[in-house]
Amino acid sequence: MEASKLSDSELYNLCKMYGGQSRAWLRKFEGLLPEVSRRRLYRRRGCTSMYQFAAQLGGIGKEKVDKILRIAARLQDKPELKNLLENGEVGWSKIEQV
């Protein structure tokens, strides 16, 4: 499919679909970060820190990683909210408000 041959509405719909999918996949990636940190998987994959791992694989900055890990630590006694975060069903910012 060549973008130059798409109509405006087709191009817009494609952008909308891809944008929605990228946000969903990013939420799922963010949900995996607490487990990556717990297992120290980033070290075994050649990264010097959790922040480097998150930046290289997901394009996530230090502040966002810190918030996600802080929220995950507070969810240890709340299994339903923890599952929502880990599965990427709900983003960390919504869980933070709860």
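You'll find the structure just up there.
Keep in mind it's a predicted model, so treat the numbers as computed, not measured.

Draft legend 1. Spotlight on the layout of surface pockets. By volume, the largest pocket amounts to about 150 Å³. Taken together, P34, E35, R38, L69, A72, A73, Q76, K82, L85 and E86 make up the lining of the largest pocket. At the level of elements, α1 (8-39), α4 (62-74) and α5 (79-87) are the ones that each hand at least two residues to the lining of the largest pocket. A class-by-class count of the residues in the lining of the largest pocket yields five nonpolar, one polar and four charged.

Draft legend 2. Region of interest: the environment of L11. Residue position: L11 is located in helix α1. Given the relative accessible area of 34%, L11 is considered partly exposed. As for L11 and E30, which are separated by 19 residues in sequence, their C-alpha atoms are 28 Å apart.

Calculation notes
- Residues numbered from 1 in each chain as written.
- Predicted model: local features only at pLDDT ≥ 70, side-chain atom pairs only at ≥ 80, totals over all residues.
- Heavy atoms only, no water.
- 1 Å grid on protein atoms, 1.4 Å probe; cavity = no way out; pocket = protein on both sides within 12 Å on 5 of 7 lines; lining within 4 Å.
- Points joined across faces, edges and corners; volume = space filled by probe spheres on them.
- Helix = DSSP H or I, 4+ residues; strand = E, 2+ residues; numbered from the N terminus.
- Nonpolar A, V, L, I, M, F, W, Y, C, P; charged D, E, K, R; others polar.
- Buried < 20%, exposed > 50% of the residue type's maximum accessible area, 1.4 Å probe, protein only.

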